[in-house]
Amino acid sequence: MNTLLKLLDHVAWADAEAVAAIATLPDASAERAQAVRLYAHLAGAAHVWHSRLEGRTPEHPVWPDLSLAAARELAEHSLAGLRAVAGRGADELAARVEYRNSAGKPFRDSVADILAHVALHGSYHRGQIALLTRQGGGVPALTDYIAFVRGAPAAPADQRRPSALER
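## Things to note about the environment of Arg-108
Turning to step 1, where the next piece is worked out: Relative to the assigned elements, Arg-108 resides in strand E2 (residues 106-110).
Turning to step 2, where the next piece is worked out: Taking the relative accessible area as the measure of exposure, Arg-108 reaches 47% and is therefore partly exposed.
Turning to step 3, where the next piece is worked out: Excluding residues within four positions of it along the chain, Arg-108 makes contact with Arg-96, Val-97 and Glu-98.
Turning to step 4, where the next piece is worked out: Within the structure, Arg-108 has its side chain in polar contact with the side chain of Glu-98 (distance 3.4 Å).

Here is the structure:
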């Protein structure tokens, strides 16, 4: 299997796990608000990168103000588009994309490197979401890549929420 496609499959799985973990937090808690803000950022960033790869102007900023449900919908749509890009041939994945970042600075990166960045960027923020979830009294998700490829989390059942693979 194409490694980029597998990484993006992990992103979709890990996002679902993170969203379910956020839902374990009280609606009015500061931790939930911050976790939703971080997840909306993941969705916004995926949207911005997908827009750049498709040569269009993003409809949402990299830090959008979205509800958890709206962020989830945006992330799912963007990931579907990114998966389509990742499934292209080697020459297309090696192609360079010119764009300006949110500060207006010009860059030129390969399609493959951009896709890898999206996958790795999400891991960083899902870790922050897990910390906020634990601090807020919720049950954090195990979103490690190895848990995804194994098909089952490694943590003892009494220390975690059942993963989507177990539900």
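## Let's talk about the nonpolar core
Turning to step 1, where the next piece is worked out: Leu-53, Leu-82, Val-111 and Leu-115 are the most contacted members of the largest nonpolar core, which has 19 residues in total.
Turning to step 2, where the next piece is worked out: The biggest single contributor to this core is helix H5 (residues 111-135), with five residues.
Turning to step 3, where the next piece is worked out: In this structure Leu-115 touches Leu-4, Leu-8, Leu-53, Leu-82, Val-85, Ala-86 and Leu-93, once residues within four positions along its chain are discounted.

## Concerning a nonpolar patch on the surface
Turning to step 1, where the next piece is worked out: Together, Tyr-145, Ile-146 and Val-149 make up a nonpolar patch on the protein surface, roughly 230 Å² of accessible area in all.
Turning to step 2, where the next piece is worked out: Topologically, Ile-146 is positioned in helix H6 (residues 145-150).
Turning to step 3, where the next piece is worked out: You can call Ile-146 partly exposed: its relative accessible area is 43%.

## So, the side chain of Ser-29
Turning to step 1, where the next piece is worked out: On the secondary structure map, Ser-29 appears in the loop between helix H1 (3-22) and helix H2 (30-53).
Turning to step 2, where the next piece is worked out: Here Ser-29 falls in the buried class, since its relative accessible area comes to 13%.
Turning to step 3, where the next piece is worked out: Side-chain polar atoms of Ser-29 contact the backbone oxygen of Pro-26, separated by 3.0 Å.

## Some points on the packing of aromatic side chains
Turning to step 1, where the next piece is worked out: In this structure the tally under the stated criterion is four aromatic pairs.
Turning to step 2, where the next piece is worked out: Both rings, one in Tyr-145 and one in Phe-148, keep their centres 6.2 Å apart while their planes meet at 45°; by these two values the pair is tilted. Here the residue Tyr-145 and the residue Phe-148 both occupy positions in helix H6, the gap between them amounting to three residues, near one helical turn.
Turning to step 3, where the next piece is worked out: Grouping aromatic residues by their ring pairs yields a cluster made of Trp-13, Tyr-145 and Phe-148.

Thresholds, definitions, all that
Per chain, residues are indexed from 1 in the order of the written sequence. In keeping with the predicted nature of the model, local features appear solely for residues at pLDDT of at least 70, side-chain atom pairs appear and are counted solely at 80 or more, and the whole-chain, interface and lining totals rest on all residues. Side-chain numbers come from the whole structure's heavy atoms, not from hydrogens or water. Each helix corresponds to a stretch of at least 4 residues labelled H or I by DSSP, and each strand to a stretch of at least 2 residues labelled E; elements are numbered beginning at the N terminus. Burial status follows relative accessibility: with a 1.4 Å probe on protein chains alone, a residue under 20% of its type maximum counts as buried, one over 50% as exposed, and anything between as partly exposed. Note on contacts: a residue pair qualifies if any of its non-hydrogen atoms lie within 4.5 Å across the two residues. Any pair of N or O atoms that falls within 3.5 Å is considered a polar contact. Within protein, one atom must be able to donate a hydrogen and the other to accept it, and sequence-neighbouring residues count only if both atoms are side-chain atoms. Grouping buried Ala, Val, Leu, Ile, Met, Phe, Trp, Tyr and Cys residues that are joined through side-chain atoms within 4.5 Å yields what is termed a nonpolar core. Here the term patch refers to residues with relative accessible area over 30% and no salt bridge, with like charges joined within 9 Å and nonpolar side chains (Val, Leu, Ile, Met, Phe, Trp, Tyr) within 5 Å. Each accessible area is a Shrake-Rupley estimate made with a 1.4 Å probe; only the visible protein chains count as cover when residues are assessed. When a carboxyl oxygen of Asp or Glu lies within 4 Å of a side-chain nitrogen of Lys or Arg, that pair is called a salt bridge. For Phe, Tyr and Trp, rings pair up if their centres lie within 6.5 Å, where Trp contributes its six-membered ring, and each pair is then called stacked (planes under 30 degrees apart), edge-to-face (over 60) or tilted (otherwise).

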